[in-house]
Structure formats: structure tokens, C-alpha cells
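Here is what each chain is made of, one letter per residue.
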Amino acid sequence: MHHLVYPRKTQKLFTNRVTELEILESYQDRLLHGEPNKLALLGTRRIGKSTVLYEFIKRHAANKRLLFVYVNLQRLVMEPLAFAKSYVGLATKWALRDETENFASYEDPEFCMLQLQKRQAKAAEYLYQFLKSAQSRSASLKSLLEQALHFPMVLAEGLKKPIVVMIDEFQEITLLNNFKQLPEILGLLRDVLQTHHRILYVFAGSYIRLMQNIIEKPSSPFFGQIQPYYLSAFGKEDALVLLKKIAQQIQLEAPKEVEKKMVALTAGHPLYIEALVRAAQEAVMLDGITLNEETVQRVLLLQLVNERSPLSFHLRYIYEDALGRARGSTILRGILKALAQDTPLTITAIAQKMSKQVGLIQAGIAELLKVDLVDRKDKLYFISDPLLRWWMYFKFFHPEGAFSLKDEIVQELASHFREKYLQVATELGRTKEFELHYFVMRKQGAKVGNIRLPIFKTVIKNYLLPNGEEIDLFARNDEAWVFELKWKNKLVGMNELHSLKEKIKVQRYVLISKKGFTPELLAFARKSPEVVLWGAEVLTET
């Protein structure tokens with residue numbers, strides 16, 4: 001069944017993700033011992049979340065003790081009745097391990113019912129009642145949705161097997177809130193799922209802050225019920241492994257220094273790596289270029305400025321889809337234009353560039369943060385994805401259209417497009433926050449430096465304070481801990497500690513510094529058990 005969503009050619013490119021697979025493995029083991037659960041895998045678009053889910057299904061497809069169901073909400077029509085039929089159909093197809101490509105047939109509840117009659121009479125009867133409700137003019141959409149969402153539990157009980165239900169692009173479920181006939185969808189879903197005792201739910205989401213609101217916001221029906229895990233871009237070694245696999249598939253030979261340059265330019269993002277490798281091969285074959293560090297940079301530049309390139313198409317989709325979810329598109333485009341030209345900037349600097357009031361810019365920034373287009377470090381704001389930033393720069397300031405490697409404009413722009421800009425944005429980005437989250441999750445109960453981390457009940461990345469400020473990582477067991485990254489080329493001192501204490505009052509403050517700490521702070525930490533200091537090397541511990 002997994003072959004339908006995970007082609008063998010793609011399987012051969014799978015790289016690392018050992019930690020994520022181990023996490024899923026541990027939850028699956030608990031399910032097999034009678035413990036249901038819910039977890040979420042969060043990461044930016046095309047970072048590899050779906051691939052991790054596919055790979056896990058593939059590795060356990062032969063396990064006869066349990067079943068898998070995979071649903072990608074972005075591929076469904078998010079209208080209540082259509083969604084209900086599709087959800088029931090996909091659950092049936094996966095439960096029956098039907099490896100034919102007749103997905104359309106399973107959109108019909110009657111077809112599903114007939115398929116189940118020989119295997120599971122109870123589930124077939126349940127679908128008969130669902131079909132009657134769906135055909136009734138007086139049917140309640142709320143009741144239909146509840147029936148559909150409960151169906152995996154009916155299958156689990158009827159087939160006497162636990163089920164791992166994977167719901168990809170989970171944030172799309174909130175689109176059902178557009179239908180006034182329904183109650184708030186997260187509350188409805190929570191009420192149904194809390195009765196399921198033989199199912200592990202794995203939710204994957206691309207809009208990180210939207211997902212965090214579902215999982216971590218106190219007013220959310222799912223508050224405290226879903227454990228989040230974060231998927232980041234590859235490190236240099238894994239990115240190089242993936243690059244070599246792709247290059248081998250398409251028979252591209254590149255010098256080692258060019259491979260390293262490709263990894264640096266793409267910041268380890270798997271989709272960007274693949275797009276650049278394929279574009280490089282095309283440039284070699286069609287334009288006859290010789291690959292070196294300079295020409296591969298121009299190949300990437302061409303992908304960004306050429307509106308018909310696969311990479312440009314992907315970045316345009318991210319841009320338009322995110323803006324479509326935010327309010328106030330005109331002012332948001334203005335903010336993005338300012339940040340594309342100069343980054344990072346304070347809110348005041350953006351307001352000055354745009355000749356707008358600070359309050360208006362603050363509201364716009366809040367919307368852009370919500371849809372992950374913009375990120376923040378201290379009081380500086382920047383476009384989250386460095387390549388998206390450059391795509392926007394060319395969109396706003398050089399919208400000429402199609403180019404070739406031989407065009408003078410490409411050569412002129414190349415002189416302004418240097419890796420250092422990508423590095424700055426990446427340094428300010430989420431990479432280290434992801435590393436910190438995984439490190440803390442992995443080291444719970446273990447000794448790190450001179451302290452032993454407890455086993456936390458809650459671990460929240462990018463913890464949002466009531467005043468709108470963020471803490472890099474918040475964790476709680478019997479005590480509350482905060483972890484704050486300081487990734488600048490200067491020593492961290494008492495001022496940074498005092499600033500953190502003013503933000504939030506907790507029992508333990510953990511500061512992680514790239515450069516190190518001042519003698520004053522080191523002396524204070526030796527006398528104060530509430531303060532823990534880690535150097536950058538701690539995050540590389542195995």
C-alpha cells in the first residue's frame with residue numbers, strides 16, 4: 001500500500017531521520033502494549049515530514065499486528081460531506097491493504113461497505129448507517145463528521161488490531177470552521193478522538209505556528225494532549241549524502257568543492273538540494289557550462305529569478321498560500337518587500353522604510369509570524385527562509401521574467417548574491433532552536449554538563465509569552481525551566497540573564513552561548529543553582 005504514495009525511486013533517496021523514526025517506533029511499541037497516544041511532527045513545507053511517515057510505514061508494512069492509515073488533508077475537498085466520505089474511504093482502503101490505484105472508488109461509501117462485508121461485518125454495518133445518513137436530506141453535518149472521524153476506531157475493534165492513523169497537513173482541518181452548520185472543528189475532533197483507545201494519531205503540519213496554536217494554546221481543545229516534535233533541515237553531512245544520491249540517480253558528476261557549495265547555498269533543505277542538483281545537470285547538458293563554485297551559484301540564482309523554474313514555482317506557492325491565510329495582504333507585501341531588501345530589521349525600521357505607523361507594522365508582523373513567513377530573534381525580524389527571501393527580492397526589485405545564464409542581468413545580480421547573506425539568515429533562523437528542542441527531548445533523564453535534566457511533562461518550542469515575546473524553549477515537570485539560545489559572536493553576561501529573568505519567572509534558567517560567557521556570569525552561575533550555562537559544543541553531544 002505504501003508504494004502508492006512512496007515510489008521506489010523516492011525511497012532510494014531517503015536519508016537519516018534516525019531520531020524521528022525512533023520516536024515513532026517508541027510510540028508504536030506503546031500502542032502495541034495498549035497505550036494510545038497523539039503526537040505531532042512539525043516542520044516547514046517539503047522539509048521531509050511526509051517522507052518520514054512514508055518511510056516508517058514502509059519499514060513496518062509487514063507487521064501483521066497493526067494497521068496503518070495515511071490521510072493528507074491537502075488532497076481532500078475540505079467540505080464536510082466530501083471530507084467525511086474521503087476520510088472513510090481512505091481508512092477503508094488502508095485497512096484492507098488495497099494496493100490498486102482505485103482511490104476514486106473508495107470515495108463511495110457503498111463501495112467501501114461492499115469491500116468490508118466479507119472481512120468485517122460490523123464495520124460494513126457501520127458504513128451502511130453512515131451511507132443512510134449521507135443520503136438523507138435532513139442529515140446533520142455534525143453527526144456525519146462524527147461518524148466519519150470515529151470510523152478508524154470501528155475498524156480497530158472489528159479487525160482486532162490497533163491502528164496508526166497519520167494525518168498529514170493537519171492544520172487544514174481548521175478549514176471546516178468555514179461551515180456555520182458545524183461546531184468548532186477542533187472541539188468536535190477532540191470529543192471523538194478522546195474515546196479512541198486502540199489508535200495512535202500522528203499529526204504532521206507545515207504551518208508551525210498554526211500547529212503550535214492547536215497544540216499549545218491554553219484555549220485550544222487539544223491543549224496538553226499532543227506531544228510536538230520538530231523536523232529541521234539536514235546538517236552538512238546528511239545534506240551531502242542526499243545530494244550524492246540525487247546526483248547518482250541523474251548521473252551528474254560534480255567536484256567535491258561544488259557539492260559543498262550546493263549544501264551551503266541550500267542550507268540543507270532537501271527540496272532545494274534536489275532542485276539545485278537537477279538544475280545544475282540541465283545547465284551542464286544544455287548550456288555546456290563547467291561546474292565550479294561560481295557557476296553553481298549562478299545556476300541557483302537563475303532558479304530564483306526564472307519564474308518558470310521548479311524552485312521558483314515552489315517558493316511562489318509558499319508565498320501566495322501563506323498570504324492567503326493572513327489578513328491585510330497589501331501591508332504584508334510591503335513589509336516583506338522591506339525585509340527582502342534589508343534584513344534583519346526592527347519594527348521601527350520597517351515603519352520608517354514604509355512611512356507607516358508602528359502599530360500598523362506590528363499588526364502586520366503578527367500576521368506574518370502566524371503563517372511562518374517571518375521570524376524573530378530578539379527585536380529583529382527577518383524572512384524565515386533565506387531562499388524565499390531572495391526569491392522575494394527578485395520578485396519585488398527585478399520582475400523582468402525569464403532569464404538565461406548568459407544574460408547580463410544574471411551576471412550583474414550574481415555579484416550581489418553571495419553565500420554570506422544566506423548564512424546570516426540561517427544563523428538567525430530556526431536551525432538552532434530545532435537542535436535545542438531535539439537535544440532536550442533526547443537528553444531527558446541524562447546528565448548534561450554538571451546537571452541532570454529531569455523527564456519533562458511538557459516541552460514547548462518558541463514559547464509565546466502574554467506580551468508577545470518568545471522563549472526559545474520552555475519545559476516543565478515539578479519545576480519550570482527555560483532554555484535560551486544566544487548565537488551572536490559576543491560573550492553572554494549578566495545583562496542577558498537579567499533580561500531573561502524579566503521576561504519570565506521560573507526555577508531554572510539555561511543559557512546556551514555560541515561565543516561563551518563573561519567571567520562575571522560564570523562566577524554567578526557557580527553560586528546560583530538556578531542558572532545553568534552551556535557552550536555551543538553541548539548541542540553536539542551524542
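Report follows, based on the coordinates.

Rules behind the numbers
- Residues numbered from 1 in each chain as written.
- Predicted model: local features only at pLDDT ≥ 70, side-chain atom pairs only at ≥ 80, totals over all residues.
- Heavy atoms only, no water.
- Helix = DSSP H or I, 4+ residues; strand = E, 2+ residues; numbered from the N terminus.
- Rg over C-alpha atoms; globule rule 2.2 N^0.38 Å.
- Buried < 20%, exposed > 50% of the residue type's maximum accessible area, 1.4 Å probe, protein only.
- Contact = heavy atoms within 4.5 Å.
- Areas by Shrake-Rupley, 256 points an atom, 1.4 Å probe, with all protein chains shown as cover.
- Pairing = 2+ DSSP bridges.
- Core = buried A, V, L, I, M, F, W, Y, C linked by side-chain atoms within 4.5 Å.
- Axes fitted to C-alpha atoms, helices over the stretch in contact; angles between N-to-C directions.

1. Here's the deal with the overall build of the protein
When its secondary structure is counted, the protein shows 23 helices and 14 strands. Rg of the C-alpha trace for the protein: 25 Å, near the compact-globule value of 24 Å for 542 residues, within the 12% margin. The principal-axis extent of the C-alpha atoms belonging to the protein is close to 70 × 65 × 45 Å. Counting the 542 residues in the protein, one finds 55% classified as buried. Within the protein, residue pairs in contact and separated by at least 24 positions form 69% of the contacts whose partners lie at least 6 positions apart. When the accessible surface of the protein is split by element, carbon and sulfur atoms take 50% of a total near 24700 Å².

2. Examining the pairing of strand S7 (residues 380–383)
Pairing of strand S6 (residues 374–377) with S7, which is carried by four bridges, proceeds in the antiparallel orientation. When the sheet's bridge partners are listed, Val-374 is paired in S7 with Ile-383. In sequence, S6 turns back onto S7 through a hairpin of two residues, with Asp-378 there showing a positive phi of about 55 degrees.

3. So, unusual backbone geometry
Backbone geometry places Lys-160, a non-glycine residue, at a positive phi of 55 degrees. Mapped onto the elements, Lys-160 comes out in the loop between helix H7 (141–159) and strand S3 (163–168). Even without being a glycine, Glu-169 presents a positive backbone phi close to 50 degrees.

4. Thoughts on the nonpolar core
Phe-83, Phe-483 and Trp-534 are the most contacted members of the largest nonpolar core, which has 109 residues in total. The greatest single-element share of this core, amounting to ten residues, is contributed by H7. With residues near it in sequence (within four places) discarded, Phe-83 still touches Leu-73, Leu-76, Val-77, Met-78, Leu-145, Leu-149, Ile-173 and Leu-176. Counting residues in hydrophobic clusters, the runner-up holds 69 residues, among them Leu-252, Leu-300, Ala-340 and Val-371.

5. Quick word on the sheet that holds S3
By way of backbone hydrogen bonds, the strands of a sheet pair with one another, either parallel or antiparallel. Pairing within the open sheet is parallel, and its five strands lie in the order S2-S3-S4-S1-S5. Looking at the sheet topology across the chains shown, the edges are occupied by strand S2 (67–72) and strand S5 (227–230). Recorded for the sheet is a direction-independent mean angle of 20 degrees between the axes of neighbouring strands. By the bridge criterion, six bridges tie S2 to S3 in an arrangement that is parallel. Considered in S3, the bridge of Val-71 is made with Ile-167. Relative to S2, helix H3 (residues 49–60) is tilted by about 160 degrees, and along the sheet it contacts strand S1 (37–42), S2, S3 and strand S4 (199–205). Helix H4 (residues 80–95) rests against S2, S3 and S4 of the sheet, and its axis sits at about 145 degrees to S2.

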